[in-house]
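Here is what each chain is made of, one letter per residue.
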Amino acid sequence: MSANESGRDRHSGAAEPAAVLPEAGAQLEELERLQQALAEAEERAKSHREQYLRAVAELDNVRKRAQRDIEAANRYGLEKFASELLPVKDSLELAVQNAARADASSLREGQEATLQLLARALEKLGVSVIDPLGEPFDPERHEAMMTRESGTAEPNSVLEVVQPGYELNGRLLRPARVVVAREPARA
């Protein structure tokens, strides 16, 4: 190899790193930009995770608070119910204590007064009576015990109430048990 050739090799070898340097610099800048973007993305991810964990904790707290509120409402709802019925119980106990000394008419008056106390207590609690006499039969609110021929009542209407039904604030507690009218049989 001549000196000229080895000089060219050295020269070409030196020229190669000079050509790579601007390209490497651009790659380094790109790498730094990507590292910066990655660091920002990691920071946002960390922030979003913390927000998520706070939201999950808050949701759990709301669920627990709602459960406590429901339990308290049930407990105090029964307390109100019991306090409304206590006067009825007192009246019945008084009637039992005085049953031997009372005559039939005063016992009847006492029973009627006790029933009125009970009706008022149930009314305060939102319980209302379903009395469908003469109304069309409604299978969602009435329970047909039997049918009876009737020449005066409309067919499929309530002819007689065997047992009244009850609703609690518009929600059915017990359907009314009724006798339903049907057309007389034709001979």
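Just above sits the structure.
Please read these numbers as outputs of a predicted model, since none were measured by experiment. (Residues numbered from 1 in each chain as written. Predicted model: local features only at pLDDT ≥ 70, side-chain atom pairs only at ≥ 80, totals over all residues. Heavy atoms only, no water.)

Novice: Tell me about the pattern of salt bridges, residues and numbers included.
Specialist: Considering all chains together, one arrives at 10 salt bridges under this definition. In this structure, Glu-93 and Lys-89 form a salt bridge, with 2.2 Å as the shortest nitrogen-oxygen distance. Of this pair, Glu-93 and Lys-89 both sit in helix H1 (residues 3–98), separated by four residues, roughly a single helical turn. The class of Lys-89 is partly exposed, set by a relative accessible area of 43%. (Salt bridge = Lys/Arg side-chain N within 4 Å of Asp/Glu carboxyl O. Helix = DSSP H or I, 4+ residues; strand = E, 2+ residues; numbered from the N terminus. Buried < 20%, exposed > 50% of the residue type's maximum accessible area, 1.4 Å probe, protein only.)

Novice: Go over the pairing of strand E4 (residues 165–168) with me, naming the residues and quoting the values.
Specialist: Of the two faces of E4, the one lined by Gly-165 and Glu-167 is fully buried and the one lined by Tyr-166 and Leu-168 carries no buried residue. As judged from the four bridges shared by strand E1 (residues 127–130) and E4, these two strands associate in the antiparallel manner. When the sheet's bridge partners are listed, Val-129 is paired in E4 with Tyr-166. In the sheet, E4 pairs with strand E5 (residues 171–174) via three bridges, with the strands oriented antiparallel. Counted as the bridge partner of Leu-168 is Arg-171 from E5. The turn joining E4 and E5, which pair antiparallel and follow one another in sequence, is formed by two residues; a positive phi near 50° is taken by Asn-169. (Pairing = 2+ DSSP bridges.)

The values reported here are purely geometric and, on their own, carry no functional implication.
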